[in-house]
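Fold and contact review
Each chain, written out:
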Amino acid sequence: NGERVTGPAAKRYTEGIQLYNNKFSGRYLTNRQAAALRSNPKLRIYDNEDQCVTCCYDQAKALCHPDRRAANGIEQTPDVTNCKPNCGNIARTDTNIARAETAVSLHRSEIDDPATPLPMRARLEQRVTALQSIIDQHRCTGVNE
């Protein structure tokens with residue numbers, strides 16, 4: 001719907017969304033069709049709100065699982081608690097970026113609060129810098145899909 005998508009998995013994300021819309025959207029699925037949906041590697045897309053990313057999960061590229069090459073099968077999912085910013089499975093949408101902007105605003109208000117301890121302020125400033133870099137990169141390189 002016109003959202004911009006960036007990141008190493010941006011193309012896989014848009015292809016997966018298009019495939020889903022063409023094949024499954026708005027339809028009642030039989031058990032067999034639902035199983036096909038779950039097992040299709042192109043449709044393994046996971047939203048990670050805490051990290052402000054969308055994971056287009058390809059087990060062979062997943063940095064969240066150090067032993068990713070050892071296991072095979074569709075039952076493995078991304079470890080959203082161990083998301084790495086340099087992972088090849090990352091796609092960022094405008095929705096992800098809006099979440100990042102909200103987080104930046106929240107962190108800045110925490111930094112400005114005199115009750116926030118200095119070590120926490122430094123940590124929040126690092127997070128703001130990292131998120132702002134992601135936001136800026138998305139704004140400069142986004143592709144409308």
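Considerations on the pairing of strand 2 (residues 45-48)
- The pairing of strand 2 with strand 3 (residues 53-56) spans four bridges and is antiparallel. Along strand 3, the bridge assignment pairs Asn-48 with Val-53.
- Between strand 2 and strand 3, which follow one another and run antiparallel, lie four residues, and Cys-52 among them has a positive phi close to 60°.

Some thoughts on the confidence of the model for the chain
- In this model, the chain carries an average pLDDT of 88, and 92% of its residues clear a pLDDT of 70 or more.
- Within the chain, no element has a lower average pLDDT than strand 5 (residues 143-144), which sits at 52, and none a higher one than helix 3 (residues 94-112), at 96.

Describing the layout of surface pockets
- Within this model, the largest pocket holds a volume of roughly 310 Å³.
- If you trace the largest pocket, you find 15 residues lining it, with Asn-1, Glu-3, Val-5, Tyr-13 and Ile-17 closest to the centre.
- Elements that contribute at least two residues to the lining of the largest pocket include exactly helix 1 (10-23) and helix 3.
- The element contributing the most residues to the lining of the largest pocket is helix 1, with five residues.

Some details on the pattern of salt bridges
- Counting across every chain of the model gives four salt bridges.
- Between Lys-11 and Glu-15 there is a salt bridge; the shortest N-O distance is 3.9 Å. With Lys-11 and Glu-15 both in helix 1 and four residues apart, the pair spans about one turn of that helix.
- Taking the shortest distance from any N to any O, the salt bridge between Arg-139 and Glu-101 comes out at 2.6 Å. Remark: Glu-101 occurs in helix 3 and Arg-139 occurs in helix 4 (residues 118-141); sequence separation between them is 38 residues.
- Here Arg-139 falls in the partly exposed class, since its relative accessible area comes to 41%.
- Several salt bridges converge on common partners, so that one network encompasses Asp-47, Glu-49 and Arg-99.

Observations regarding the environment of Gln-51
- In this structure, Gln-51 sits in the loop between strand 2 and strand 3.
- As a C-alpha pair, Gln-51 and Ala-98 span 47 residues in sequence and 12 Å in three-dimensional space.
- Apart from residues lying up to four places away in sequence, Gln-51 is in contact with Val-80 and Cys-83.

Brief notes about empty space enclosed by the protein
- In the structure shown here, the tally under the stated rule is one cavity of 30 Å³ or more.
- If you add up the space inside the largest cavity, you get close to 90 Å³.
- In terms of lining residues, the largest cavity is bounded by Tyr-46, Asn-48, Cys-55, Cys-64, Pro-78, Asp-79, Val-80, Cys-83, Lys-84, Cys-87 and Asn-89.
- Its residues assigned to classes, the lining of the largest cavity comprises seven nonpolar, two polar and two charged.

How each quantity is defined
- Residues numbered from 1 in each chain as written.
- Predicted model: local features only at pLDDT ≥ 70, side-chain atom pairs only at ≥ 80, totals over all residues.
- Heavy atoms only, no water.
- Pairing = 2+ DSSP bridges.
- Helix = DSSP H or I, 4+ residues; strand = E, 2+ residues; numbered from the N terminus.
- pLDDT = per-residue confidence, 0-100.
- 1 Å grid on protein atoms, 1.4 Å probe; cavity = no way out; pocket = protein on both sides within 12 Å on 5 of 7 lines; lining within 4 Å.
- Points joined across faces, edges and corners; volume = space filled by probe spheres on them.
- Salt bridge = Lys/Arg side-chain N within 4 Å of Asp/Glu carboxyl O.
- Buried < 20%, exposed > 50% of the residue type's maximum accessible area, 1.4 Å probe, protein only.
- Contact = heavy atoms within 4.5 Å.
- Nonpolar A, V, L, I, M, F, W, Y, C, P; charged D, E, K, R; others polar.

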